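# Observations on the model geometry
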Amino acid sequence: MLSLRWVLNHYIQIVIECSTEQSFNKAPNGSTIPNRQMATDTFTITIHMVSSLDGIIAKKDNSVSWFEVSDYYEKGVSGQDPETFLKTIDCYVMGARTYEHALELSKSYGWAYGDTPTIVVTNRNLPVERKNIELYSGHLDKLVSERLQPRYRNVWLVGGPLLVKEFVRLKLAHQIRLTILPIILGEGILFFDQIGTEQALHLQDVTAYKNGMVELCYEIKT
Ligand SMILES: NC(=O)c1ccc[n+]([C@@H]2O[C@H](COP(=O)([O-])OP(=O)(O)OC[C@H]3O[C@@H](n4cnc5c(N)ncnc54)[C@H](OP(=O)(O)O)[C@@H]3O)[C@@H](O)[C@H]2O)c1
């Protein structure tokens, strides 16, 4: 059976070579996880999404089997050890619907985000079964300035599109890493539909992988 943790690792391993800095400094004193390795010296919020070629990030039935790609691209590169890379992420942020989906999948596949601190943005009192998960309701700029920036360096915003769009609109994220899988899904939830604002990007890197995935890394211009 497909493990969601495996899926997460599978995609994260392909962004390693796209990483611009690998300084692995120690966490600041405020971190909830001492000695966690980090990818950069500076505070960075990275949006990471996995998409089909037609820009869809979730099927209507929310099934995840489309993550399993079976393509082969001879000139592509292979990823590195995903566990090492996962240790460089010191906090995940996600929207409530993404959390609910991850909770549902965790019943079959385990919790995908491990022991890394995880903040769920929600206005509801959602169930929390792990010590490393916190709920947050309030302004997103305060989430960043009061909760994230003092405690973490390498923050990954892992979806979904509603929350990602708010971070982009409010100019709170620094980087977008988009993994495009060799598939057209035809229908489902789009990554960026009608975001309602124009945002210039700087292409930092493009990597094609042996399994046919393409990783686009953009800096979000200020
Ligand atoms: N392919 C990928 O890489 C990927 C990654 C992540 C998710 N997904 C998929 O995306 C889907 C969920 O995405 P989604 O866009 O529907 O929902 P989402 O962004 O995960 O969650 C949105 C919810 O977060 C809460 N929220 C609170 N404050 C908010 C704010 N300021 N801005 C935005 N949301 C706020 C609201 O829920 P409350 O009512 O609780 O306040 C809102 O309904 C799922 O199907 C999931 O599987 C795919």
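The structure we're discussing is the one just above.
Residues numbered from 1 in each chain as written. Predicted model: local features only at pLDDT ≥ 70, side-chain atom pairs only at ≥ 80, totals over all residues.

Attention shifts here to the overall build of the chain. A tally of helices and strands in the chain yields five helices and ten strands. When the 222 residues of the chain are sorted by exposure, 30% land in the buried category. Restricting to contacts in the chain with at least 6 residues of sequence separation, those with at least 24 account for 78%. (Helix = DSSP H or I, 4+ residues; strand = E, 2+ residues; numbered from the N terminus. Buried ≥ 20, exposed ≤ 12 C-beta atoms within 10 Å, placed from the backbone. Contact = placed C-beta atoms within 7 Å.)

This brings us to the sheet that holds strand E6 (residues 154–157). Read from one edge to the other, the open sheet built from eight strands follows the order E5-E4-E3-E6-E1-E7-E10-E9, with strand pairing classed as mixed. Each edge of the sheet is formed by a strand with only one pairing partner; in this case those strands are strand E5 (133–136) and strand E9 (201–208). Each strand axis lies, on average, 20 degrees off the axis of its neighbour in the sheet, ignoring direction. Both strand E3 (residues 91–95) and E6 contribute to a ladder of three bridges, which runs parallel. Directly across from valine 93, in E6, lies its bridge partner leucine 157. With respect to the sheet, helix H5 (residues 161–169) is in contact with strand E1 (44–51), E3, strand E4 (118–121), E6 and strand E10 (214–220), its orientation differing from that of E1 by roughly 140 degrees. (Pairing = 2+ DSSP bridges. Axes fitted to C-alpha atoms, helices over the stretch in contact; angles between N-to-C directions.)

Attention now goes to the nonpolar core. The biggest cluster of nonpolar side chains holds 34 residues, and the ones touching the most others in it are Ile47, Cys91, Tyr92, Val93, Val155, Leu157 and Phe167. Elements supplying a minimum of two residues to this core: E1, strand E2 (56–58), E3, helix H3 (96–109), E4, E6 and H5. Apart from residues lying up to four places away in sequence, cysteine 91 is in contact with Thr116, Pro117, Ile119, Leu148, Tyr152 and Val155. (Core = buried A, V, L, I, M, F, W, Y, C linked by C-beta atoms within 7 Å.)

Right, let's talk about the site of the ligand for a bit. The environment of the ligand is made up of 23 residues, and the closest members are Gly95, Ala96, Thr98, Gly159 and Gly160. Mapped onto the shell around the ligand, the elements with two or more residues apiece are E1, E2, H3 and H5. Residue composition of the shell around the ligand, by class: twelve nonpolar, eight polar and three charged. (Near = placed C-beta within 6 Å. Nonpolar A, V, L, I, M, F, W, Y, C, P; charged D, E, K, R; others polar.)

Turning next to unusual backbone geometry. Note that the residue after glycine 159, namely glycine 160, is joined by a cis bond; omega there is -5 degrees. Locating glycine 160 in the fold gives a position in the loop between E6 and H5. In this structure, lysine 171 is a non-glycine residue whose phi angle is positive, near 55 degrees. Of note, lysine 171 is situated in the loop between H5 and strand E7 (175–180).

Now for the environment of glycine 186. Take glycine 186: it is sitting in the loop between E7 and strand E8 (189–190). Judged by the 10 C-beta atoms lying within 10 Å of it, glycine 186 is exposed. Taking the C-alpha atoms as reference points, glycine 186 and glycine 55, separated by 131 residues in sequence, lie 9.3 Å from one another.

Side chains three or four residues apart in an α-helix point the same way, a direct result of the helix having 3.6 residues per turn. Here H3 contains 14 residues, and its C-alpha end-to-end distance of 19 Å stays within 8% of the 20 Å for a straight helix at 1.5 Å per residue. Turning to H3, its buried residues number three or more, namely Thr98, Tyr99 and Ala102. The buried residues of H3 occupy an angular sector of 95 degrees when projected down its axis, which confines them to one face. Along H3, the residues that are exposed and aim more than 90 degrees away from the buried face are Glu104, Lys107 and Ser108. Those residues of H3 that are buried are in contact with E3 and E4. (Expected span 1.5 Å × (residues − 1). Arc of directions from axis to C-beta.)

Looking at the secondary structure, you find phenylalanine 167 in helix H5. Look past the residues within four positions of phenylalanine 167 in its chain and what remains in contact with it is Ile45, Ile47, Leu140, Leu157, Leu172 and Ala173.

Within a regular beta strand, the side chains point alternately toward one face of the sheet and then the other, so they alternate between its two faces. Side chains Thr118 and Val120 project from E4 onto one buried face, and the interleaved Ile119 and Val121 project onto a second face that is buried too. Alignment of E3 against E4, held across four bridges, turns out to be parallel. Counterpart to valine 93 in the pairing with E4 is isoleucine 119. Where the polypeptide runs from E3 across H3 and back to E4, its parallel neighbour, the crossover connection is right-handed. As paired elements, E4 and E5 share four bridges and run parallel to each other. Across the sheet, valine 120 pairs through a bridge with leucine 135, a residue of E5. (Right-handed = clockwise from strand over helix to strand, strands pointing away.)

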